[in-house]
Amino acid sequence: MSQSELLAFVLAQLSTLNIPYMITGSVVSSLQGEPRATHDIDVVIVLEQASVHRFSESFVGTFYISEASVQEAIDRKSMFNVIDGSTGNKVDFWMLTKEPFDLSRFARRQKVNVLGLTDFYVTSPEDTILSKLRWAKLAGGSEKQVTDAVRVFEMQFDRLDMAYIHHWTTQLNLQEQWQQLVSQAEPY
């Protein structure tokens, strides 16, 4: 199963199970900025313990999923993954936390219609930039994350809510990463 087929399958399962979600990470930064290869699909979900078995059962066949890992991720507000055994493609499912930024970006998710897929939720360009800068900081200055953020900034510049970005760069202590992005961006 190709990555786009895997994404379509995941979206169908989430829709069938009525699980709130948003696609994030490099898949979205590739849609909003500069396309690049990525080895996984990142999805933020709202999943309750009562739905764990049904969710796990929806990934039958060639998929690897640990129901215990799903339950632990819900308890710890962390992540678990599902792996397509035929290709090794992976989906990282992140539990929505109660952190203010997490709640804000989930509330601001946007519906898109791309890749031949109809109406699915992704992070807003502002939240994609902020998330990439946050990951860059956590990874000790990951150039790949910063470059992704720069490309989204450049491609989406005319539509960005700069007040929102400035608010969260301060709240998340990302001023240094923001300055790095601005210095690398092509003139806008």
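This one's a predicted model, so the numbers in the text were calculated from it and none came from an experiment. (Residues numbered from 1 in each chain as written. Predicted model: local features only at pLDDT ≥ 70, side-chain atom pairs only at ≥ 80, totals over all residues. Heavy atoms only, no water.)

Draft legend 1. Representation of the overall build of the protein chain in the model. Tallying secondary structure elements over the protein chain gives 9 helices and 7 strands in all. Principal axes of the C-alpha set define a box for the protein chain whose edges measure 50 × 30 × 30 Å. Buried residues in the protein chain amount to 47% of all 188 residues. Within the protein chain, counting contacts between residues at least 6 apart in sequence, those at least 24 apart form 61% of the total. About 9,500 Å² of surface is accessible on the protein chain, with carbon and sulfur atoms providing 51% of the total. (Helix = DSSP H or I, 4+ residues; strand = E, 2+ residues; numbered from the N terminus. Buried < 20%, exposed > 50% of the residue type's maximum accessible area, 1.4 Å probe, protein only. Contact = heavy atoms within 4.5 Å. Areas by Shrake-Rupley, 256 points an atom, 1.4 Å probe, with all protein chains shown as cover.)

Draft legend 2. Structural view of the nonpolar core. Judged by nonpolar contacts, the single largest core of 30 residues is most densely connected at L14, I23, V43, I45, F55, F80 and F93. With 5 residues, the top contributor of residues to this core is helix α1 (residues 3-16). Those residues in contact with F55 that sit more than four places away from it in its chain are L14, L17, I19, L47, I65, F80 and F93. I129, L130, V150 and W168 belong to the second-largest nonpolar core, a separate cluster that totals 19 residues. (Core = buried A, V, L, I, M, F, W, Y, C linked by side-chain atoms within 4.5 Å.)

Draft legend 3. How the structure looks around the packing of aromatic side chains. Going through the model one piece at a time under the given rule, you end up with 14 aromatic pairs. Seen in terms of ring centroids, F80 and F93 are 5.2 Å apart; in terms of plane orientation they differ by 15 degrees. Their pairing is stacked. Placement of the pair is F80 in strand β4 (residues 79-84) and F93 in strand β5 (residues 90-95), with a sequence separation of 13 residues. The residue whose ring lies beneath R108 is Y164, and the NZ or CZ to ring-centre distance is 3.7 Å. For R109, the ring lying beneath its charged end belongs to Y121, and the centroid distance is 4.1 Å. (Phe/Tyr/Trp six-rings, centres within 6.5 Å; stacked < 30°, edge-to-face > 60°. Lys NZ or Arg CZ within 6 Å of the ring centre and 35° of its normal.)

Bear in mind that shape data such as this cannot, by itself, settle questions of function.
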